[in-house]
Amino acid sequence: MASSSASMVNELSQPGPQVFINFRGDELRNNFICHLEVALKNEKINYYIDTKAARSEDLDIFFTEIEKSKIALAVFSKRYSESNWCLDELVKIMERVDEKKLRVIPIFFNVTVGDVEQQTGEFGDNLHGGVRRDKDNMHKWEKALRSVPSKIGLVLSNYRYESDFIAAIVESVKEVIALIEGGGKGTNMLSTNISSLSSSGNASSRDTKQPKAPLQRYGMQQCLKQLKEKLDFDSEETQIVGIVGMPGIGKTTLAEMHLQTWNHRFVVNEIFKGFREKSRDHDWVKNHLLNAQLNRPDNEMVKVFIVLDDVSDKNQLEFLRTNSELVIKKGSKIVITTRDKGLIEGLVDETYVVPGLNDKDALELFNHHAFSDQEYTPTKNFDEMSKRFVHYAGGNPRALEELGKELFEKNEDQWKKRLETLPHFCNENIRRGLRSSYDELTEQQKHAFLDIACFFRSEEEDYVRVLLDSYDTKSGEAAREVIELADKFLISISAGRIEMNNLVCTMGKEIGSSSVENNFGKTRLWNHQDARNALILKEGTVSARGIFLDMSKIGKGIALERKAFIKMPNLRYLKIFDSRCPRQCEAIDSCKVNLPDGLDLTLKEIRYLHWLKFPLEELPPDFNAEKLIDLRLPYSKIQRVWRGTKETPKLKWVDLSHSTKLIDLSALSNAESLRRLSLEGCTKLAKLPEDLEKMKNLAFLNLRGCTSLLSFPEMKNYLISLKTLILSDCSNFNEFQVISENLEYLHLDGTAIKGLPLSIQNLGRLIVLNLKNCKKLESLPDCLDKLKALEELILSGCSKLKSFPDVKEIMENLQILLLDGTPIKELPSGLLHCAFQQKQPRMMNGLSLLRRLCLSRNDTIITLQSSISQLYHLKWLDLKYCKNLTSLSTLPPNLQCLDAHACISLKTVARPLAIPLPLKEHAPSSFIFTNCENLEHVAKNEIIHYAHNKSRLISDALNRQNKGLAFEALVATCFPGSEVPEWFNHRASGAVLEPELPRHWSESGFVGIALCAIVSFQNYKIQNNNLMVKCICEFNSVVGAPSTSFFNCNVGGLSEASDEQRTIKSTHVFIGFTSWLNINKCREVRLKKGCIPTTASIKFEVTDGTYEATDCEVLKCGFSLVCESDNGSWGGQVDASPMVCEADEIGSWDADVAANPVVDEVRQGESRFLGLLRRRGWFFTL
């Protein structure tokens, strides 16, 4: 429990059982708990919270209040396990539960049930990370936490809004109170919709016989609230609202509950069912309403509230579209439920789509039916399998009910077998409910639905639309069926892809694979065994509409007869693939489908042909490509697609990648509709078709690794649609010409080009220009500044490129410039120019928006241009392995990462290292100088000085944005060295430091800490490209009080995104500054007289991101508290030992920046601490 507030909450006790709230105060008091208190007060619920205790009360008062209480709310949060008192209270609560004297409801706030039960994640780290916790207490705490069953509890993530979560908690409390006041026996008999712990602490609903809960109680309350917002019962206008969703989702249940809630407002209220049975009688509802009006004594119309349930035909609603006033009086309310929202389009005022149940409600509903009314102790396996069934059902209440009933009283082996068959065999009752939606589809809709279910689930919408196009129209409209299926909730469109509910997909696969069902005699062979039998045994071939054969499941392979496909006149989709290894590693060198006698492929309907490792040199001469849309033959043995040319009016996608024998593409000369062509890895392809310019729709062309390709063919016209051109690693490609002025992505990396044509300036839409490792590139044209949309320019590894072209115009969008491995000495002044106006940077020309600049491995750079400091937006500067770099000029003010690893000649840095500016962002920063063995002592001081100043600015930004606790290193730096700087007033040998702190130290303006570790490496090669120096900090209270504060903090480290492995040669100093913004809120309520921790234990370690690093040793360490000066800025006392910093050097620093208005602005509000830095040297102290 958190510390109590200084103020008392004086209020009269509410009647009824007391509810004790157990929570972590620092984390939740001023937000979530505050809102929960208000909600409990509004419902007149008697509750106890620590703020009701007088400040002079003994801490045992809380245990007394637990004993007085009948209900406890255990609010688990990330920092809950830090607190000994929270855990002690939980132990007491569970003791009372075991005695059947208390009921507990667990609340999971931003933690998972598993985190608490298994003590994992940040919750577990906070529990076990402390090094001074009593083992006996730890055992009791762990036992209490494990007693929380994994299947129950109110979890914040299951609610859309925190207010809904609080409302659910209050409702649960009210139901438990009602049970207590009603004389309920024992502590286990809780309603199934209340998430709470049972009296034994580790039991679940499976342990007890629980009353059946009506289905409507699961997840419907939130739906009712949302539906209420769509109907205004105080309005005098007639309103029509549609409730839509897939079968079984709860439309009827919701409508009935809504009718029951509001029927008291209307004289006539009725629900009309049976629309499917009365589909031919379109006027039956109209006639019923007319008769009801005529039978009234005064023959006067009255307002009605009616529900038209499960409407299946638009004609059944015609009476509402025309002359509705003859039947419905103004001010009436009408609710229509349907599984086809297209039926009510243009008729309803609002539409409510019923969502599936959340995971919590879904699991409760499933378990209610799978385990109800039986004495059963679940195993972990049952819990895991339950979750898999729930996931499959996708939140559909009817499906959850039916699956639960199907598995009722089944053993574990039966559950496992059902899970295996679940994707292929639908529950009969579920299937019956879904089947009616399928039966109402048109023929074309059924074909589209089955094709998607069997073959094209999760594919891109546009792609599927084209494949399913059933009409040979010239309008360009493809597959209207997709929209219609979405309206009927048989598919959904998410992030541009077509998705399908698992239940619906299973039904579709069952229907699609059978030619005897209502499937128009067409079979879709998606199962590998059915596909194999069709190809070898000729089973079902005449009716086959599609065959998908997964080679990873057919063992050693099969051989097909030449005429294997002759009797397949309806085949549209043929795919032979390997789901286990779709990219085909080199170890798999042959196709498992062999054609020893060749192949006849007279498929007149074929639209989709995918054949991984096609074994022939070309497609057969009789192959009909007139309806072909997608052709993919990757890793094949083809030398040409087919002989001669064929008409391919619909061909849009071709993938021949890694077909290493391909030499001729002339077969595609007539593919004028082609959108995407991938020829990656076709190493023998020396030329492209002469008629390439005919491909006016080509948007993507991938030629990566076509090592025989020299250039493009001569073209009179541009490829007007081409946006992406990839020529990466075409090592002999030596002449580039612009073939499209609409290019957005151009990759020429690894080619043999020596330059770019002047026509490159015409690429006004170009976003990325990649010239990496163009070893022969000698120059770039001076027109690069014409590329106004360019965001990324990559010149890495261009070893002959000695100069950057002149830049005269603004490259206003350029954000990434990579020049590593080039001999470029300097950038033109126009490229870097930026000026200050009114103390804020103003872009004049050049690269003032640049965010990332890489100059690594440049042996010609001796120092950086001074104008680099004007790159206001630069975040990342890479100078690795610049072995002749001797000094750094002033850096950009907002730099977040400087990597100067292995700059072996670097000696000095500018003073100041960067111009300080107030920050709007608070991203951590890192300044790396590993293996910079010649770095001078004064330079190291300036680096630390700047790191501290940067951390102050970041801390200020965090304070302004009220970001709360920050335990990450705000700024970290590292450089060669073997001593902890003298200004660290707590130093020790080894990896552990235990400083003594003065009493009430946080009241002296404490704002952060500085940490230091001296690490010995001795030619250490960084593992996993990751090195992290971390510390575990634990603050302890005065003698007799428990540990109060614990956290992990990163002191610094290295992370390499590339495959290059770094080596650190010697001992290094790692220093990190972190801010602890809300330290004053960390006082525990149990700390007497406001005392705070006075001792600390700090342990340092080196890891590779996962495990502790070997061959590394922390030799020394240091720690200092950082506090504010009197005027509220960061500062320190003057009695500390200063670092070496000569007075004349300080004076020169002042002179250098005195004229800078930005520096003047910062100085006006600078801390006494920073003033001391310039006068006496740099230090920290308490």
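Remember, it's a predicted structure, so these values are computed and weren't measured experimentally.

A. Quick peek at the overall build of the protein. Within the protein one finds 26 helices and 47 strands. Burial analysis of the protein (1182 residues in total) assigns 56% to the buried set. Within the protein, contacts between residues separated by at least 24 positions form 67% of all contacts whose residues are at least 6 apart in sequence. Working note: accessible area of the protein is about 50200 Å², and carbon and sulfur atoms make up 46% of it.

B. Structural view of unusual backbone geometry. A cis geometry characterises the amide bond from R911 onward to P912, with omega recorded as 5°. Along the chain, P912 falls in the loop between β34 (908-909) and β35 (925-928). Located in the positive-phi region is D310, a residue other than glycine, with phi close to 60°. Take D310: it is sitting in the loop between β8 (304-308) and α11 (318-321). Under the relative-accessibility criterion, D310 is labelled buried at 18%.

C. Broad picture of the sheet that holds strand β6 (residues 239-244). A sheet is described by the order of its strands in space; here five strands give the open sequence β7-β8-β9-β6-β10, paired in parallel fashion. Each edge of the sheet is formed by a strand with only one pairing partner; in this case those strands are β7 (268-272) and β10 (350-353). Between one strand and the next, the sheet's axes are offset by a mean angle of 15°, whatever the strand orientation. Bridging between β6 and β10 involves four bridges; their strand directions are parallel. Across the sheet, the residue bridging to V244 is V353, located in β10. Sitting on the sheet, helix α10 (residues 284-294) is in contact with β7 and β8, with an inclination near 160° to β7.

D. Spotlight on the pairing of strand β3 (residues 71-76). Burial of β3 is extensive: six of the six residues sit out of reach of the surface. Burial along β3 is two-sided: I71, L73 and V75 and A72, A74 and F76, pointing in opposite directions, are all buried. Inspection of the sheet shows β3 paired to strand β4 (residues 103-108) by six bridges, in the parallel sense. Looking across to β4, one finds that L73 is bridged to I105.

E. Structural detail: the sheet that holds strand β5 (residues 154-155). An order of β2-β1-β3-β4-β5 is seen for the five strands of this open sheet, with the pairing classed as parallel. The open sheet terminates on both sides in strands that have one partner only, identified here as β2 (47-48) and β5. Contacts between helix α3 (residues 84-98) and the sheet are confined to β1 (19-22), β3 and β4, with β1 contributing the most and set at about 145° to the helix.

F. The arrangement of the packing of aromatic side chains in detail. In this structure the tally under the stated criterion is 39 aromatic pairs. Geometrically, the ring pair formed by F712 and F733 is edge-to-face, given 5.4 Å between the ring centres and 70° between the ring planes. On the criterion of sequence distance, the pair formed by F712 in the loop between β22 (700-702) and β23 (724-726) and F733 in the loop between β23 and β24 (745-747) is long-range, its members being 21 residues apart. Accessibility classification places F712 together with F733 in one group, the buried group. Pairwise contacts between aromatic rings join F455, F456, F548, Y573, F577 and Y608 into one cluster. In this arrangement the basic side chain of K446 is found over the ring face of Y438, its NZ or CZ atom lying 5.1 Å from the centre.

G. Representation of the pattern of salt bridges within the structure. If you walk through the whole model with that rule in mind, you get 44 salt bridges. Between R1062 and D899 there is a salt bridge; the shortest N-O distance is 2.3 Å. Here the residue R1062 occupies a position in the loop between β42 (1043-1055) and β43 (1063-1064), and D899 occupies one in strand β33 (residues 897-899), the gap between them amounting to 163 residues. Look at D899 and you get buried, because its relative accessible area is 6%.

H. Region of the structure containing the side chain of S869. Along the polypeptide, S869 turns up in the loop between β30 (852-854) and β31 (876-878). At 3.0 Å, the side chain of S869 and the backbone oxygen of S866 are in polar contact. Excluding residues within four positions of it along the chain, S869 makes contact with T890, L891, P892 and P893.

I. How the structure looks around helix α7 (residues 162-181). For α7, which comprises 20 residues, the first-to-last C-alpha distance of 29 Å matches the rise-based estimate of 28 Å (1.5 Å per residue) to within 8%. By the burial criterion, the buried members of α7 are D164, F165, I166, A168, I169, V170, S172, V173, V176 and I177. Where the residues of α7 are buried, they touch β1, α1 (25-42), β3, β4, β5 and α8 (220-228).

J. Molecular detail of the packing of helix α17 (residues 443-456) against helix α18 (residues 461-468). Contact geometry for α17 and α18: axes closest at 11 Å, N-to-C directions at 125°. Overall, the two elements α17 and α18 adopt an arrangement that is oblique. Crossing of α17 against α18: the hand is right-handed. Across the interface between the two elements, A448, D451, I452 and F456 from α17 touch V464, L467 and L468 from α18.

K. Region of interest: the nonpolar core. Ranked by internal contacts, the top residues of the largest apolar core, which has 144 residues, are F565, W611, L679, F736, L771 and F929. If you list the elements that add at least two residues to this core, you get α21 (528-536), β14 (544-550), β16 (573-577), β18 (608-611), α23 (937-960), β36 (971-976), β39 (1006-1016) and β44 (1068-1075). Considering every element that reaches this core, the biggest residue donor is α23, with six residues. Counting residues domain by domain, this core receives three or more from each of domain 5 (522-615) and domain 6 (925-1123). Filtering out sequence-adjacent residues up to four positions away, W611 remains in contact with F565, L574, I576, C591, V593, L595, L599, R632, L633 and P634. Core analysis: the next-biggest nonpolar cluster, separate from the first, contains 99 residues, V327, L363, L434 and F449 among them.

L. Seen up close, the confidence of the model for the protein. In this model, the protein carries an average pLDDT of 80, and 79% of its residues clear a pLDDT of 70 or more. Note on residues 1078-1089: pLDDT under 50 across the span, and 41 contacts to partners over four residues away in sequence or across chains. Predicted confidence for residues 1125-1182 stays below pLDDT 50, and this span has 126 contacts to residues more than four positions away or in other chains.

M. Region of the structure containing the environment of F382. Looking at the element boundaries, F382 is found in helix α13 (residues 380-393). F382 sits 33 residues away from W415 along the chain, and the two C-alpha atoms are 8.3 Å apart.

N. Looking closely at the side chain of E402. Structurally, E402 can be placed in helix α14 (residues 397-407). Buried E402, no salt bridge; nearest opposite-charge side chain is K405, N-O distance 4.7 Å. Not counting residues within four places of it along the chain, the set of residues in contact with E402 comprises N427, N429 and I430.

O. Layout of α8. Buried within α8 are the following residues: M220, C223, L224 and L227. Seen from one end, α8 has its buried residues packed into an arc of 100°, which puts them on one side. Where α8 is buried, its residues touch β6, α9 (251-262) and β10.

P. The arrangement of the packing of α13 against α14 in detail. Between α13 and α14, the least distance of the axes is 9 Å, while the angle of their chain directions is 145°. Every pair of crossing elements has a handedness; the one defined by α13 and α14 is right-handed. On the side of α13, the interface is formed by F389, V390, Y392 and A393, while α14 contributes A399, L400, L403 and L407. Among the residues forming the contact of α13 with α14, the class breakdown is eight nonpolar, no polar and no charged.

Q. Spatial organisation of the environment of L748. Along the chain, L748 falls in the loop between β24 and β25 (768-770). Look at L748 and you get buried, because its relative accessible area is 0%. Between the C-alpha atom of L748 and that of D729, which follows or precedes it by 19 residues, the distance is 7.7 Å. Those residues in contact with L748 that lie beyond four places of it in its chain are L727, F736, I753, L756, N770, L771 and C774.

R. Molecular detail of the environment of L763. Here L763 is to be found in the loop between β24 and β25. L763 sits in the buried class, given a relative accessible area of 0%. Discounting residues that sit within four places of it in the chain, L763 has contacts with V738, S740, E741, L743, L746 and L787.

Rules of the game
- Residues numbered from 1 in each chain as written.
- Predicted model: local features only at pLDDT ≥ 70, side-chain atom pairs only at ≥ 80, totals over all residues.
- Heavy atoms only, no water.
- Helix = DSSP H or I, 4+ residues; strand = E, 2+ residues; numbered from the N terminus.
- Buried < 20%, exposed > 50% of the residue type's maximum accessible area, 1.4 Å probe, protein only.
- Contact = heavy atoms within 4.5 Å.
- Areas by Shrake-Rupley, 256 points an atom, 1.4 Å probe, with all protein chains shown as cover.
- Pairing = 2+ DSSP bridges.
- Axes fitted to C-alpha atoms, helices over the stretch in contact; angles between N-to-C directions.
- Phe/Tyr/Trp six-rings, centres within 6.5 Å; stacked < 30°, edge-to-face > 60°.
- Lys NZ or Arg CZ within 6 Å of the ring centre and 35° of its normal.
- Salt bridge = Lys/Arg side-chain N within 4 Å of Asp/Glu carboxyl O.
- Polar contact = N/O pair within 3.5 Å; in protein donor to acceptor, adjacent residues only side chain to side chain.
- Expected span 1.5 Å × (residues − 1).
- Parallel < 35°, antiparallel > 145°, perpendicular 65-115°, else oblique.
- Left-handed = near helix turned anticlockwise from the far one by under 90°.
- Core = buried A, V, L, I, M, F, W, Y, C linked by side-chain atoms within 4.5 Å.
- Domains from an automatic or database assignment.
- pLDDT = per-residue confidence, 0-100.
- Lys, Arg positive; Asp, Glu negative; His and termini not counted.
- Arc of directions from axis to C-beta.
- Nonpolar A, V, L, I, M, F, W, Y, C, P; charged D, E, K, R; others polar.

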